[in-house]
Amino acid sequence: MLKQEEMILMIRDKGIKDERIDSILMYGSFTQSSGDRFSDIEFYIFVDDIYYEEFDTEKWISSAYPIYTHFFNEYGSEVVIFTNLIRGEFHFLPRSEMTIIESFASVGYFPDINSMCLCDKNGSLRKSLRALQDCKVERQTAENVEFVFNNLLNAILFGINVFKRGEWARSLECLYYSQKYYLQLIRLLENKTEHWVNPFKSLEKEISVSAYEAYSKCTASLEPSSILSSYKNLLKESKNNIHILKSKYNITNFNELIDKIEKHVESQI
């Protein structure tokens with residue numbers, strides 16, 4: 001058994017024994033049959049409302065397994081680094097806010113609802129999870145293709161502009177966002193949209209070899225020539241991909257905008 005799996009059982013058992021805990025929902029790799037020895041463990045823990053205000057989350061986590069550090073990240077999640085260097089992400093909420101589960105539907109990928117339910121003392125969690133049972137977000141639409149491509153071109157143009165200003169590090173940051181939308185475009189082309197929210201996840205296994213090789217040419221080091229080459233390749237590959245998608249969907253003609261951005265890339269660098 002993986003150390004993470006042992007810790008998941010510890011969290012589950014602690015929740016079952018603690019009268020203050022109503023239910024525990026697990027999410028992430030271990031609910032998608034992709035958890036391994038490098039994976040995080042991630043939970044939503046619902047506390048009975050009468051105990052919530054006084055509930056010490058750090059103390060509760062560390063009593064399940066020793067930790068080095070506990071903090072809130074920029075998204076408001078509680079993050080811990082356990083003493084075995086496994087990372088944990090926790091969301092503690094009052095039971096009355098369990099309706100938040102319905103908002104997870106936009107993720108659109110829940111292969112095993114049962115594995116998400118670690119502890120459910122009154123059936124409310126399973127009832128809420130049923131809303132996700134057959135949840136499937138349709139990604140293959142003209143509106144979604146346009147959304148992705150508009151964001152891709154915007155990110156590329158932003159990145160090129162700061163590159164021309166001489167902000168190499170910031171341009172490299174923008175390249176990351178450009179790559180994200182580019183990979184969503186690839187996933188639309190190859191109908192591999194399970195990991196849509198994080199299109200980098202399991203990329204080596206989920207897209208074709210040719211698409212992966214094309215993507216590799218769109219990555220860069222902090223060297224300016226490498227950054228510029230990556231943006232040029234992004235534009236080239238994106239132009240080819242949107243042409244293919246345009247034959248399948250009734251979408252805007254982006255040719256003029258792409259041509260102008262290409263000329264902008266080459267001008268006065």
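Bear in mind that the values here come from a model prediction, so they are computed numbers and not experimental data. (Residues numbered from 1 in each chain as written. Predicted model: local features only at pLDDT ≥ 70, side-chain atom pairs only at ≥ 80, totals over all residues. Heavy atoms only, no water.)

Chemist: Which residues make up the sheet that holds strand S2 (residues 41–47), and what are the values?
Modeler: What the six strands build is an open sheet, ordered S3-S4-S5-S2-S1-S6; its pairing is mixed. Each end of this open sheet is capped by a strand with a single partner; those strands are strand S3 (67–72) and strand S6 (117–120). Strand after strand, the sheet turns through a mean of 20° between neighbouring axes, direction not considered. Sheet topology note: the strand S1 (residues 21–27)/S2 ladder contains six bridges and is antiparallel. Paired with Leu25 across the bridge in S2 is Tyr44. (Pairing = 2+ DSSP bridges. Helix = DSSP H or I, 4+ residues; strand = E, 2+ residues; numbered from the N terminus. Axes fitted to C-alpha atoms, helices over the stretch in contact; angles between N-to-C directions.)

Chemist: Report on the pattern of salt bridges, specifying residues and quantitative values.
Modeler: Under the defined criterion, the tally for this structure stands at 12 salt bridges. A salt bridge links Arg20 to Asp18; the shortest N-O distance between them is 2.9 Å. Arg20 gets classed as partly exposed once you look at its relative accessible area, which sits at 29%. Overall, Asp18 belongs to the buried group, its relative accessible area being 10%. Each of Asp22, Asp48 and Arg95 takes part in salt bridges that share partners, so that together they form one network. (Salt bridge = Lys/Arg side-chain N within 4 Å of Asp/Glu carboxyl O. Buried < 20%, exposed > 50% of the residue type's maximum accessible area, 1.4 Å probe, protein only.)

Chemist: Describe the packing of helix H7 (residues 168–190) against helix H10 (residues 224–246), and please don't skip the residues or the numbers.
Modeler: The interhelical angle for the contact between H7 and H10, taken along N-to-C directions, is 25°, at an axis separation of 10 Å. Relative to H10, H7 is oriented roughly parallel. The chirality of how H7 crosses H10 is left-handed. Only Pro224, Ile227, Ser230, Tyr231, Leu234, Glu237, Ser238, Asn241, Ile242, Ile244 and Leu245 of H10 make contact with H7, whose side of the interface consists of Trp168, Ser171, Leu172, Cys174, Leu175, Ser178, Tyr182, Leu185, Ile186 and Leu189. Residues belonging to the contact of H7 with H10 are distributed by class as follows: 15 nonpolar, five polar and one charged. (Parallel < 35°, antiparallel > 145°, perpendicular 65-115°, else oblique. Left-handed = near helix turned anticlockwise from the far one by under 90°. Contact = heavy atoms within 4.5 Å. Nonpolar A, V, L, I, M, F, W, Y, C, P; charged D, E, K, R; others polar.)

Chemist: I'd like a rundown of the side chain of Gln32, residues and numbers included.
Modeler: Considering the arrangement of structural elements, one finds Gln32 in the loop between S1 and S2. Not counting chain neighbours up to four residues away, the residues in contact with Gln32 comprise Tyr109, Pro111, His195 and Lys201.

Chemist: Please set out the packing of aromatic side chains residue by residue, giving values where relevant.
Modeler: Going through the model one piece at a time under the given rule, you end up with 14 aromatic pairs. Ring pairs connect the aromatic residues Phe43, Phe55, Trp60, Phe90 and Phe92, which therefore count as one cluster. (Phe/Tyr/Trp six-rings, centres within 6.5 Å; stacked < 30°, edge-to-face > 60°.)

Chemist: Tell me about the nonpolar core, residues and numbers included.
Modeler: If you look at the biggest cluster of nonpolar residues, it comprises 38 residues, and the most contacted ones within it are Phe149, Ile156, Tyr182, Tyr231 and Ile242. Here this core takes 10 residues from helix H6 (residues 142–164), the largest share from any one element. For Tyr231, the residues in contact, after removing those within four places along its chain, are Ile156, Gly159, Ile160, Ser171, Cys174, Leu175 and Ser178. With 24 residues, the next largest nonpolar core counts Ile21, Ile24, Ile41 and Ile61 among its residues. (Core = buried A, V, L, I, M, F, W, Y, C linked by side-chain atoms within 4.5 Å.)

Chemist: Break down the state of the cysteines for me, citing the residues and quoting the values.
Modeler: Tallied over the full model, the rule gives zero disulfides. Here Cys117 stays unpaired: no disulfide links it, and the sulfur of Cys119, its closest cysteine neighbor, is 7.6 Å away. (Disulfide = S-S within 2.5 Å.)

Chemist: Describe the environment of Leu245, naming the residues involved and giving the relevant values.
Modeler: For Leu245, the location among the structural elements is in helix H10. Looking at Leu245, the relative accessible area reads 0%, which means it is buried. Placed 52 residues apart in sequence, Leu245 and Thr193 show a C-alpha to C-alpha distance of 15 Å. Look past the residues within four positions of Leu245 in its chain and what remains in contact with it is Val145, Leu185 and Leu189.

Chemist: Quick one: what's the story with helix H11 (residues 255–266), residue by residue and with numbers?
Modeler: Helix length check: H11 (12 residues) gives 17 Å between terminal C-alpha atoms against 16 Å at 1.5 Å per residue, within 8%. Of the positions making up H11, those classed as buried are Ile258, Ile261 and Val265. Axial view of H11: buried residues confined to an arc of 65°, hence all on one face. Turned more than 90 degrees away from the buried face of H11 sit Glu256, Lys260, Lys263 and Glu266, all of them exposed. Check the buried side of H11 and you find it contacts H6 and H10. (Expected span 1.5 Å × (residues − 1). Arc of directions from axis to C-beta.)

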